[in-house]
Amino acid sequence: MRNLNETAVLNYYLELVDKGEIKFLKDRAEFREAIIKAVEALRDAEGMNNRINAAKDTWKLLFEASMSYIDPDKRGYDKLFKYFDEYVKFEELIFASDSFYRDHTLHSLWVYFLGEYIMKHEEFKDFLGDMFSFYHNYAHSKTMLESAKMDKVFGSLIKVYEDITKAYDLEDSARCVSAITHDLGYPIKKIEKINKCIKEVLPYFSINNYDEFNFSYSEIQQNFISSFIEFLSFNITANSEDLGEDNDVLLKVLELDESGKFTGINKDELLKLKDDEIVKLKKILNLKPRIEKNISRHWAYSKDFEDYKHGIMSAFLLIKNISAFQNLKFKYNDNMNVDFKDIDFKDIMVKQGILKNITNHTNDNFKLVKMGDSSDFLTFIDELEEFSRISRANQNREYITEFCTTDIYMDKDWFNVDFVFENDNIVNLDPQRAFKGRCERFLNLFDIVRLSSKLKIRLRCIGKLPCDSNIYTLEIAHKYAKILINGEEKNIPQYLNSKQLYTREEYARM
């Protein structure tokens with residue numbers, strides 16, 4: 001069994017940088033050299049204080065390099081970096097107030113590095129196929145359209161495809177920003193816990209009445225919050241206003257596969273078109289940007305904000321403090337009408353995408369159907385990252401730096417995750433408790449009924465302790481979920497004591 005640890009992941013990242021496979025570093029020597037040194041320092045750091053300091057330096061360099069590659073406007077960086085310093089200090093306070101609190105300073109970096117390991121490693125290419133095919137199909141389509149040399153007919157379609165392929169060139173930057181900022185809103189949720197600690201201490205000083213630290217947004221701030229949630233709820237597409245039943249001319253020139261997906265242009269048929277058919281084709285392909293407001297998403301995000309979920313609060317922190325997220329080329333009227341001249345698809349896709357990635361990872365309504373976009377990927381990797389989670393989970397004042405070891409690998413078409421619990425120096429280490437927590441999260445996160453056939457997940461918590469040497473297994477696939485302990489199947493709802501989950505047989509019948 002391999003051990004996928006911090007050193008292995010960081011060494012692989014350094015190889016990627018050396019090969020020029022991290023796009024936002026490829027032709028930027030100053031950032032490239034600084035980040036290489038910072039990553040090496042993080043890899044080699046010993047002692048908690050040195051690791052945290054190395055992490056802070058690495059975090060700031062990665063944010064500056066990746067975000068400035070997306071947008072050169074760097075206003076707000078100093079403010080965000082000051083917040084990050086305070087965030088690291090505040091985390092020490094949270095550790096003191098919560099025996100089960102787990103590190104997020106280092107965790108955000110490891111989510112990024114682990115994500116790049118899985119994204120770029122050949123072993124996982126087929127598993128992540130849906131993520132690559134989306135952009136590759138558009139890039140291929142753009143090439144086909146341009147080769148037809150009929151810009152007047154395909155002009156708006158080429159423009160849309162061009163913006164989408166440009167957005168793809170920024171994907172590794174967007175993944176970096178999303179990963180390292182996804183937990184920045186965490187302190188907000190922990191203030192209630194700190195209040196409770198204060199409340200337990202003050203009576204000993206005969207202080208029985210005190211005002212808890214509390215907070216709320218003023219009425220004047222609500223307009224910004226509402227527009228922020230509305231922006232997150234938008235779907236922005238480009239559609240033909242004249243696409244109807246009479247599309248014979250379109251079907252003549254477009255080549256489609258069995259599923260109806262565009263694969264190319266039939267140049268011979270294109271050259272045969274009569275003048276009136278060309279006029280008709282041009283009219284059909286005269287695309288208009290369209291804004292659709294997703295009501296269910298709007299409600300879900302509004303509830304997240306009410307509950308101060310740290311995902312949406314992290315996104316809110318970015319849009320409030322980083323000018324690049326505010327300065328979008330995006331104008332529309334009250335009827336949701338918009339023109340191409342008033343919108344930058346690339347800018348919207350990347351920046352809105354980052355904010356959605358961060359928000360979705362703590363949104364209860366967000367479900368994984370396939371590994372199709374960056375939100376799916378971030379949420380999934382966030383659940384896998386375990387090898388750096390410092391905690392005080394044994395409820396004493398000693399920090400645990402290796403809760404369990406990790407192995408991630410493909411076995412045929414199954415994505416396998418093994419968490420191995422073998423540190424018998426940790427008091428009350430409980431593999432089954434960790435396993436049940438993962439089962440509840442995964443069974444609620446994955447939309448098992450609609451799950452892509454490419455997504456087959458096998459998660460194991462392997463006990464190698466005097467008190468627990470069991471192997472706990474969860475398997476998830478399309479209309480399939482199974483829990484086993486040492487190969488013996490368990491009834492899922494009974495084992496997890498949950499009324500909202502189903503048995504393996506019930507999933508199969510859905």
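Being a predicted model, the structure only gives us computed values, none of them experimental. The residue numbering used here restarts from 1 in each chain and proceeds along that chain's sequence as written. This being a predicted model, a pLDDT of at least 70 is required before a residue's local features are given, and a value of 80 or more before pairs of side-chain atoms are given or counted; all residues contribute to the totals for chains, interfaces and linings. Neither water nor hydrogens contribute to the side-chain values; these are computed over all heavy atoms in the structure.

Thoughts on the sheet that holds strand β8 (residues 471-477)
Then, number 1: The mixed open sheet is built from six strands, whose spatial order is β5-β6-β7-β8-β9-β10. A strand with exactly one partner marks an edge of an open sheet, and here the two such strands are β5 (405-411) and β10 (488-490). In this sheet, neighbouring strand axes are inclined to one another by 20° on average, regardless of whether the strands run parallel or antiparallel.
Then, number 2: Note that strand β6 (residues 414-421) and strand β7 (residues 457-463) share seven bridges and pair parallel. Counted as the bridge partner of V420 is I462 from β7.
Then, number 3: We call two residues in contact whenever any of their non-hydrogen atoms come within 4.5 Å of each other. Only the contacting stretch of a helix is used when fitting its axis, a line to C-alpha atoms as for every element, and angles between N-to-C directions run 0 to 180 degrees. The secondary structure listing takes helices from DSSP runs of H or I that are at least 4 residues long and strands from runs of E that are at least 2 residues long, numbered from the N terminus. The sheet strands contacting helix α19 (residues 374-384) are β5, β6 and β7, and the helix crosses β6 at an angle near 30°. Here the rule is simple: two strands pair whenever DSSP picks up at least two bridges between them.

Points about the packing of helix α4 (residues 48-70) against helix α6 (residues 105-120)
Then, number 1: At their nearest, the axes of α4 and α6 sit 10 Å apart, and the two run at 50° to each other. Judged on the interaxial angle alone, α6 and α4 are oblique. You can see that α4 and α6 cross each other, and the crossing is left-handed. Of α6, the residues touching α4 (which contributes R51, I52, A55, T58, W59 and L62) are T105, L106, S108, L109, W110, Y112 and F113. Relative orientations are named as follows: roughly parallel for angles under 35 degrees, roughly antiparallel for angles over 145 degrees, roughly perpendicular for angles from 65 to 115 degrees, and oblique for any other angle. Whether a crossing is left-handed or right-handed is set by the direction in which the near helix is turned from the far one by less than a right angle, anticlockwise for left-handed and clockwise for right-handed.

Let's talk about the side chain of S314
Then, number 1: Take S314: it is sitting in helix α16 (residues 310-321).
Then, number 2: S314 sits in the buried class, given a relative accessible area of 0%.
Then, number 3: Once residues lying within four places of it in the same chain are set aside, the contact partners of S314 are T181, H182, D183, L184, G185 and I358. Three labels apply to residues, based on accessible area from a 1.4 Å probe with only protein chains included: buried if under 20% of the type maximum, exposed if over 50%, partly exposed otherwise in between.

A closer look at the environment of K252
Then, number 1: Structurally, K252 can be placed in helix α12 (residues 248-253).
Then, number 2: It is 9.9 Å that separates the C-alpha atoms of K252 and K272, two residues lying 20 residues apart in sequence.
Then, number 3: Residues in contact with K252, not counting those within four places in the same chain, are N266, E269, L273 and E277.

A short note on the packing of aromatic side chains
For any pair of aromatic rings, the description rests on two quantities: the centre-to-centre distance and the angle between the ring planes.
Then, number 1: Only the six-membered ring of Trp is used, alongside the rings of Phe and Tyr, when aromatic pairs are assigned; centres must lie within 6.5 Å, and planes under 30 degrees apart are stacked while those over 60 apart are edge-to-face, with the rest tilted. For the structure on display, the rule yields 26 aromatic pairs.
Then, number 2: Consider the rings of F63 and Y77, whose centres lie 5.3 Å apart with planes at 70°: the pair is edge-to-face. Residue F63 is found in helix α4, and its partner Y77 is found in helix α5 (residues 77-97); the two are separated by 14 residues along the sequence.
Then, number 3: With a relative accessible area of 0%, F63 lands in the buried category.
Then, number 4: Assessed through its relative accessible area of 4%, Y77 is described here as buried.

Focus: the pattern of salt bridges
Then, number 1: By convention in these notes, a salt bridge is any Lys or Arg side-chain nitrogen within 4 Å of a carboxyl oxygen on Asp or Glu. One pass over the structure, following the stated rule, counts 27 salt bridges.
Then, number 2: The partner of D18 in a salt bridge is R32, and the shortest N-O contact between them spans 3.7 Å. Of this pair, D18 sits in helix α1 (residues 6-18) while R32 is found in helix α3 (residues 29-44), placing the two residues 14 residues apart along the sequence.
Then, number 3: Of the charged contacts, one joins D73 and R75 as a salt bridge, the two residues approaching to 2.8 Å between their closest N and O atoms.
Then, number 4: Connected through shared salt-bridge partners, D18, R32 and E33 make up one network.

Focus: the pairing of β6
Then, number 1: Most of β6 sits inside the fold, with eight of its eight residues counted as buried.
Then, number 2: Relative to β6, β5 runs antiparallel, the two being bridged by seven bridges. Paired with D407 across the bridge in β6 is D418.
Then, number 3: Linking two consecutive strands that pair antiparallel, namely β5 and β6, is a turn of two residues; a positive phi of about 60° is found at K412 within it.

Some points on the side chain of E475
Then, number 1: For E475, the location among the structural elements is in strand β8.
Then, number 2: A relative accessible area of 13% means that E475 is categorised as buried.
Then, number 3: Of note is the side chain of E475, whose polar atom sits 2.9 Å from the side chain of R458.
Then, number 4: What qualifies as a polar contact is a pair of N or O atoms within 3.5 Å, subject to a donor-acceptor requirement within protein and to the restriction that residues adjacent in sequence count only when both atoms come from side chains. Of the polar contacts made by the side chain of E475, one reaches the side chain of Y480; its length is 2.7 Å.

Description of α1
Then, number 1: One less than the residue count of a helix, multiplied by 1.5 Å, gives the span that helix is expected to have. With 13 residues, α1 extends 18 Å between its outermost C-alpha atoms, agreeing within 8% with the 18 Å of an ideal straight helix rising 1.5 Å per residue.
Then, number 2: Residues V9, L10, Y12, Y13, L14, L16 and V17 constitute the buried set of α1.
Then, number 3: Those residues of α1 that are buried lie in contact with α2 (23-26), α3, α4 and α6.
Then, number 4: Its side-chain oxygen at 3.3 Å from the backbone nitrogen of T7, N5 defines the N-terminal cap of α1.

Let's talk about the environment of I265
Then, number 1: Mapped onto the elements of the fold, I265 is located in strand β3 (residues 262-265).
Then, number 2: When its relative accessible area of 8% is taken as the criterion, I265 is described as buried.
Then, number 3: Taking C-alpha positions, I265 is 5.6 Å from E255, a pair spaced ten residues apart along the chain.

Quick look at the state of the cysteines
Then, number 1: In what follows, a disulfide is any cysteine sulfur pair within 2.5 Å. Under the defined criterion, the tally for this structure stands at zero disulfides.
Then, number 2: Left unpaired, C404 is separated from the closest cysteine sulfur, that of C461, by 7.2 Å.
Then, number 3: Cysteine C439 is unpaired, with the sulfur of C461 as its nearest cysteine sulfur at 7.5 Å.
Then, number 4: The class of C439 is buried, set by a relative accessible area of 0%.

It is worth stressing that arrangement in space is one thing and function is another; only the former is reported here.
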